Protein chains: 2
Amino acid sequence: MNPNIRYSRSEKVYLPGQIHPDLRVAMRRVEQVPTTTIDADGNKHITPNPPVYVYDTSGPYSDPEAHIDLKKGLPRLREPWILGRGDVVRLPQVSSEYGRMRRDDPSLDHLRFEHIALPLRAVDGRRCTQMHYAKKGIITPEMEYVAIRENMNCRELGIDTHITPEFVRQELAAGRALLPANINHPEAEPMIIGRNFLVKINTNIGNSATTSGIEEEVEKALWSCKWGGDTLMDLSTGDNIHETREWIIRNCPVPVGTVPIYQALEKVGGKVEDLSWELYRDTLIEQCEQGVDYFTIHAGIRRHNVHLADRRLCGIVSRGGSIMSKWCLIHDRESFLYEHFDDICDLLSHYDTAISLGDGLRPGCIQDANDEAQFAELDTMGELVTRAWEHDVQAFIEGPGHVPMHKIRENMERQILKCHEAPFYTLGPIVTDIAPGYDHITSAIGAAQIGWLGTAMLCYVTPKEHLALPDKEDVRTGVVTYKIAAHAADLAKGHPGAQVRDNALSKARYEFRWKDQFDLSLDSERAMQYFHAGKHLDGEYCTMCGPNFCAMRLSRDIKRNNL
Amino acid sequence: MNPNIRYSRSEKVYLPGQIHPDLRVAMRRVEQVPTTTIDADGNKHITPNPPVYVYDTSGPYSDPEAHIDLKKGLPRLREPWILGRGDVVRLPQVSSEYGRMRRDDPSLDHLRFEHIALPLRAVDGRRCTQMHYAKKGIITPEMEYVAIRENMNCRELGIDTHITPEFVRQELAAGRALLPANINHPEAEPMIIGRNFLVKINTNIGNSATTSGIEEEVEKALWSCKWGGDTLMDLSTGDNIHETREWIIRNCPVPVGTVPIYQALEKVGGKVEDLSWELYRDTLIEQCEQGVDYFTIHAGIRRHNVHLADRRLCGIVSRGGSIMSKWCLIHDRESFLYEHFDDICDLLSHYDTAISLGDGLRPGCIQDANDEAQFAELDTMGELVTRAWEHDVQAFIEGPGHVPMHKIRENMERQILKCHEAPFYTLGPIVTDIAPGYDHITSAIGAAQIGWLGTAMLCYVTPKEHLALPDKEDVRTGVVTYKIAAHAADLAKGHPGAQVRDNALSKARYEFRWKDQFDLSLDSERAMQYFHAGKHLDGEYCTMCGPNFCAMRLSRDIKRNNL
């Protein structure tokens, strides 16, 4: 596998900070060719077109200066900042029992990532979360980094922006945004999730029983970053989950999330009844020390609410939700996730692992949308998020699922109200059930709308949703589709500078600068491939209309000839 | 080419009328297998699942009883109704000069459709349009046909519906809906376009210079009908437009639209300045007598408004718009389409060809959305549509184009207001410019929203938009994507019975009745193909989650075991 990522006619650039001048905020700069016009007297005029800055999730992989060695992992960008704060210690060994067992098993030697650093942890009595610093009034390098990153093209083009490092700090302190940044994942570039920032997208990868090895998963992770995934969830449920995760995190330039209950269930051989708090707690520690940036935790499932789903057409469709519901019913007691929620928060505050409150009772079809089961869980999540914040743990709320368009707004408004403006992170929503094989599209329709209304991060859906595990091509389609939904939402919200890329691409289109049009596209490779599939004699039209019927050509004729 | 269309486990059924008992309203009925459950005592229970009726655009092609011969064309379903009204005459020969020239040219013999009937025309002084009958209080067989067609599953499931034959008549009389039904296209099954009905989609086919022959275009037409295209526009701009159109119309079970200015321009060798009213008029007659059900006419372009587009980033991006603008500027006069609009209406009222007022100044990029040029043209279209109605000519209004989400609502509200509730027919809108290669998706996001807000018909966009002419696979993707957008809008609008199919599919999904799930899908072939791409041991999960992590399986376990 060649891990290098190259974008056509793009340069990797690094912008410095002002509060933290040593910052190197990575962006992609797309160069454009100049516009050539010929006036009425036949004179040629050449007008340059400025470069366009593009939000870049590809990390060092797209930097030709970087020396990438997947066996060594990425440079530890954030390590000096983390250590510089003086509130963490390096542990003498991993704290998780299971982690030590895997470490000491010689049969795993051939699978193991070689360069594992010993984990960091906050000093006893201290909290090392970005929310903690924000509440203290501290603007960390991470905060300034994201402020610069969110403002692409603004400085160059003089566009006003509300996003300053201080604004970032305030949003984090209020819980309206989170900056997932486990101290044991210093390789990740800082990014922010909140409704007053660019809408982000998450991609899911991970093996399942019988499918996919480590190399394939790392390849999928890089692939996701190449196309624009802002965070990455490793949802592995197959073999060697611990080792797979280590390889992914060490090589991943974006925050990594997991659903720890999946691994816990694998540890008890798939027997839901054998899950316990102790086992789960050890899994959290194991993963916090590997560097997982956020955990999906289905603590919103309450014993007395489970049967609300009985009335549904499709019952419970969340994996974690169905596991925890079954556990509650078998043991006839409250879930250990709910009962130990404060313990979980206390633990996570020592690593800055954020909590994504999983929507275990999300609707799985149009008929079940916005029902009592779903909203009862949302109320519980609202209670839990404030408890997370009391521990300075960053948190956000997961959302549906399957929702018809006219019921989307209620989801967003209720979430803001009941969850005290904590960021919303939705799967889709899918707006009709009748198109398996096209659910990236059914869900992008809902995702764009809920993103516009205020959802901070959209979880991608691939064409294989409901049918099979996605392959690489599905991941690409899913990511690009969700970049479209997120960007459409940014335009509708009026994010500062969001329209710069649209305008540049449209100007290139109108001037038949095809290469610029491709290079500014979300998927330049596909655009170019489709264009070249047609037959054309010169560059001033495409086969869609042919030369005589090209409206842009006619329209330019009018201008050129001063009609 | 095998013209037969077969859908898995589906039966073609025909429902009778009440006012017109001889009606045979075609639908597709999808059979389902029963649900098998085993109770706590181990007893098996079998519960049948009712068949689901699906809106069917495939015409006789999906009827195994029908004998299809593309050389003879489809049965002339509406002919007895048309002749029975006693207001039309069969002409002794085609009236168009150009049509006679093509007829008499022996070099075209090998291309010519053999079974051309002589054209019908309304008796002098009579109008044979559905709007005319509606205003007179007459419920035609066409009107009852669409009333039954719109109410799939309602009668069987006892769902209330507002759509009665009388309601259809009222909507047509008010101009809020149209029923495109040229008297010379009796092969088409009646369908209705209006915001109080199911949202429809149009597909574009047609050759361009150097690409595609007649057989290929007919094949694309059938293909579009197979996947669900409600109307079909033949936008051919290449060779043998006249003959290609004849083959398409004679074999097309859905209404066919064209943009006559395209053929007119071909007739003058692509020289815009040589276009004239006489030439255009002859083209209208030629096409009315072939059976075109609606014409896009860019009569909203006014001489004094053309320069409003100068301020734009992308100028004029409508082909018809750019042609007419250039003509106005070259001749420095008002367009002949505008000046002769009453003549056009008078002509069309003799054939019941509807007018789709083309949006020649639609925005071609996000930056140009909702600008002065666009809205000035909308005002003109509002004036023209009332003039069409004075002639009892059915009419609708075309809309953008490229519009960011937050500007969509204004488009819809203004259109309703300025165009007196005439049906809106939009292209997309595309909600961001940055994703060439994925514009079926960027536009479906906008289409679903504007459909929900009231757009009556959505013009599909394929993945090749802006890049090349679509091939068959692109047509399929475009049609299915737009069926999704239209159906999502129907759900959000609460169209009677729209959710029946979603619920049936979701129930099948929850019960692992995979075949039912596929057969109820918009594209069962693709869904099945994706499912079978995964590896699974039995039918009760898919490779997305694997057996232990299938939420639906866990959720059903809970129910089964009475936990």
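As shown above, the structure is provided for reference.
Residues numbered from 1 in each chain as written. Chains lettered and ligands numbered in written order. Predicted model: local features only at pLDDT ≥ 70, side-chain atom pairs only at ≥ 80, totals over all residues. Heavy atoms only, no water.

Quick notes on the overall build of chain A
Consideration 1: The number of helices and strands found in chain A is 21 helices and 17 strands.
Consideration 2: In terms of overall size, chain A behaves like a compact globule, its C-alpha atoms giving a radius of gyration of 24 Å where 563 residues would be expected to give roughly 24 Å.
Consideration 3: Looking at chain A alone, contacts between residues at least 24 apart form 74% of all its contacts between residues at least 6 apart.
Consideration 4: Carbon and sulfur atoms make up 50% of the accessible area of chain A, which amounts to about 18700 Å² in all.
Consideration 5: The average position of the 64 basic charges and that of the 80 acidic charges among the side chains of chain A differ by 3 Å. (Helix = DSSP H or I, 4+ residues; strand = E, 2+ residues; numbered from the N terminus. Rg over C-alpha atoms; globule rule 2.2 N^0.38 Å. Contact = heavy atoms within 4.5 Å. Areas by Shrake-Rupley, 256 points an atom, 1.4 Å probe, with all protein chains shown as cover. Lys, Arg positive; Asp, Glu negative; His and termini not counted. Charge placed at Lys NZ, Arg CZ, Asp CG, Glu CD.)

Here's the deal with the relation of the copies chain A and chain B
Consideration 1: In screw terms, the move from chain A to chain B is a rotation of 180 degrees and a rise of 0.0 Å along the axis, fitting with an RMSD of 0.0 Å. Such a combination of turn and shift is consistent with a two-fold rotation axis. In terms of proximity to the rotation axis, the leading residue of chain A is I445 of chain A, whose C-alpha is 2.3 Å off the axis. (Least-squares fit on C-alpha atoms with pLDDT ≥ 70 in both.)

Some details on the side chain of S325 of chain A
Consideration 1: When you line up the elements, S325 of chain A lands in helix 11 (residues 319-331).
Consideration 2: Judged by its relative accessible area of 0%, S325 of chain A is buried.
Consideration 3: Setting aside residues up to four positions removed in sequence, S325 of chain A forms contacts with I301, V306 and I316 of chain A together with I558 of chain B. (Buried < 20%, exposed > 50% of the residue type's maximum accessible area, 1.4 Å probe, protein only.)

Observations concerning the packing of helix 15 (residues 408-418) of chain A against helix 16 (residues 439-453) of chain A
All names here are of chain A.
Consideration 1: Axis separation between helix 15 and helix 16 bottoms out at 10 Å; the angle between their running directions is 35 degrees. Two packed elements cross with a definite hand, and for helix 15 against helix 16 that hand is right-handed. Residues I408, R409, N411 and M412 of helix 15 pack against G446, Q449, I450 and L453 of helix 16.
Consideration 2: In terms of residue class, the contact of helix 15 with helix 16 is built from four nonpolar, three polar and one charged. (Axes fitted to C-alpha atoms, helices over the stretch in contact; angles between N-to-C directions. Left-handed = near helix turned anticlockwise from the far one by under 90°. Nonpolar A, V, L, I, M, F, W, Y, C, P; charged D, E, K, R; others polar.)

Observations regarding the packing of aromatic side chains
Residue and element names in this part refer to chain B.
Consideration 1: A complete count under the given rule lists 26 aromatic pairs over all chains for this structure.
Consideration 2: Taken together, a centroid distance of 5.7 Å and an interplanar angle of 50 degrees make the contact between F167 and F197 tilted. Pair noted here: F167 is in helix 6 (residues 165-174) and F197 is in the loop between strand 9 (193-194) and strand 10 (200-205), with a separation of 30 residues, a long-range link. This pair shows no difference in class: F167 is buried, exactly as F197 is.
Consideration 3: Their ring planes at 90 degrees and their centres at 5.0 Å tell us that W327 and F336 sit as a pair that is edge-to-face.
Consideration 4: With a relative accessible area of 5%, W327 lands in the buried category. (Phe/Tyr/Trp six-rings, centres within 6.5 Å; stacked < 30°, edge-to-face > 60°.)

Some points on the sheet that holds strand 11 (residues 231-234) of chain A
All names here are of chain A.
Consideration 1: Read once around its circumference, the closed barrel built from eight strands follows the order 10-11-12-13-14-15-16-17, with strand pairing classed as parallel. Across the sheet, the axes of successive neighbouring strands diverge by a mean angle of 25 degrees, strand direction being ignored.
Consideration 2: Bridge count for strand 14 (residues 354-357) against strand 15 (residues 395-399) is three bridges, and the pairing is parallel. In the strand pairing of strand 15, L357 is matched with I397. (Pairing = 2+ DSSP bridges.)

Considering the sheet that holds strand 1 (residues 10-15) of chain A
All names here are of chain A.
Consideration 1: Spatial strand order, 1-2-5: three strands in an open sheet with antiparallel pairing. What marks the edges here is a single partner per strand, and that holds for strand 1 and strand 5 (52-54). Geometrically, the sheet is characterised by an average inter-axis angle of 40 degrees between neighbouring strands, direction not taken into account.
Consideration 2: Here strand 1 runs beside strand 2 (residues 25-30); their pairing, made up of six bridges, is antiparallel. Across the sheet, the residue bridging to S10 is V30, located in strand 2.
Consideration 3: Against the sheet, helix 4 (residues 141-150) touches strand 1 and strand 2, its axis set at about 15 degrees to strand 2.

A few points about the pattern of salt bridges
Consideration 1: Applying the stated criterion across every chain, the model contains 98 salt bridges over all chains.
Consideration 2: Among the salt bridges present, the one from E421 of chain A reaches R176 of chain A, with a minimum N-O distance of 3.7 Å. Of this pair, E421 of chain A sits in the loop between helix 15 and strand 16 (424-427) while R176 of chain A is found in the loop between helix 6 (165-174) and strand 8 (177-178), placing the two residues 245 residues apart along the sequence.
Consideration 3: A relative accessible area of 28% places E421 of chain A in the partly exposed class.
Consideration 4: Note that E142 of chain B is salt-bridged to R78 of chain B, the shortest N-O span being 3.1 Å. On the criterion of sequence distance, the pair formed by E142 of chain B in helix 4 (residues 141-150) and R78 of chain B in the loop between strand 5 (52-54) and helix 1 (79-84) is long-range, its members being 64 residues apart. Considered together, E142 of chain B and R78 of chain B belong to a single accessibility category, that of buried residues.
Consideration 5: By sharing partners, the salt bridges in this structure join R9, K507, E511, R513, D516 and D519 of chain A into a single network. (Salt bridge = Lys/Arg side-chain N within 4 Å of Asp/Glu carboxyl O.)

Here's the deal with the interface of chain A and chain B
Consideration 1: Contact residues are listed per partner, giving 98 residues for chain A and 98 residues for chain B.
Consideration 2: Here chain A and chain B share zero salt bridges between them.
Consideration 3: Scanning the region where chain A abuts chain B turns up 18 residue pairs in polar contact (both at pLDDT 80 or more).
Consideration 4: Broken down by element, the side of chain A that touches chain B gets its largest block of residues, 10 residues, from helix 17 (residues 472-493) of chain A.
Consideration 5: Split into classes, the residues belonging to the side of chain A that touches chain B amount to 52 nonpolar, 28 polar and 18 charged. (Polar contact = N/O pair within 3.5 Å; in protein donor to acceptor, adjacent residues only side chain to side chain.)

A look at the state of the cysteines
Consideration 1: With the rule as written, the count across this model stands at zero disulfides over all chains.
Consideration 2: Note on C128 of chain A: no disulfide assigned, nearest cysteine sulfur contributed by C288 of chain A at a separation of 9.7 Å.
Consideration 3: Its sulfur unpaired, C328 of chain B is 18 Å from the next cysteine sulfur, which belongs to C345 of chain B.
Consideration 4: When its relative accessible area of 0% is taken as the criterion, C328 of chain B is described as buried. (Disulfide = S-S within 2.5 Å.)

Let's talk about the side chain of H487 of chain B
Consideration 1: The topology assignment puts H487 of chain B in helix 17 (residues 472-493).
Consideration 2: Leave out the neighbours within four places in its chain, and H487 of chain B touches T432 and I434 of chain A together with A498 and D502 of chain B.

A few points about the pairing of strand 3 (residues 35-38) of chain B
All names here are of chain B.
Consideration 1: Inspection of the sheet shows strand 3 paired to strand 4 (residues 44-47) by four bridges, in the antiparallel sense. The residue bridging I38 from the neighbouring strand is K44, located in strand 4.
Consideration 2: Linkage of strand 3 to strand 4, two consecutive antiparallel strands, is achieved through a turn of five residues, within which G42 is found at a positive phi near 85 degrees.

What about the nonpolar core?
Consideration 1: Formed by 276 residues in total, the largest nonpolar core has its most connected members in L275, Y280 and I355 of chain A together with L275, Y280 and I355 of chain B.
Consideration 2: Contacts of Y280 of chain B, omitting those with residues within four sequence positions, involve P260, I261, A264, T296, I297, F336, L337 and I344 of chain B. (Core = buried A, V, L, I, M, F, W, Y, C linked by side-chain atoms within 4.5 Å.)

Structural notes on the environment of A527 of chain A
Consideration 1: Within the secondary structure, A527 of chain A is located in helix 20 (residues 524-533).
Consideration 2: Residue A527 of chain A is classed as buried on the basis of its relative accessible area of 0%.
Consideration 3: Taking the C-alpha atoms as reference points, A527 of chain A and Q517 of chain A, separated by 10 residues in sequence, lie 8.7 Å from one another.
Consideration 4: Not counting residues within four places of it along the chain, the set of residues in contact with A527 of chain A comprises F518 and S521 of chain A together with P436 and L467 of chain B.

Focus: helix 6 of chain A
In an α-helix, one turn spans 3.6 residues, which is why side chains three or four residues apart end up on the same side.
All names here are of chain A.
Consideration 1: Listed in full, the buried residues belonging to helix 6 are P165, F167, V168, R169, E171 and L172.
Consideration 2: Those residues of helix 6 that are buried are in contact with helix 3 (130-135), helix 4 and strand 8.
Consideration 3: Positive phi appears at G175, one or two residues downstream of helix 6, with a value of about 80 degrees.

Any functional reading would require information that these geometric values do not contain.
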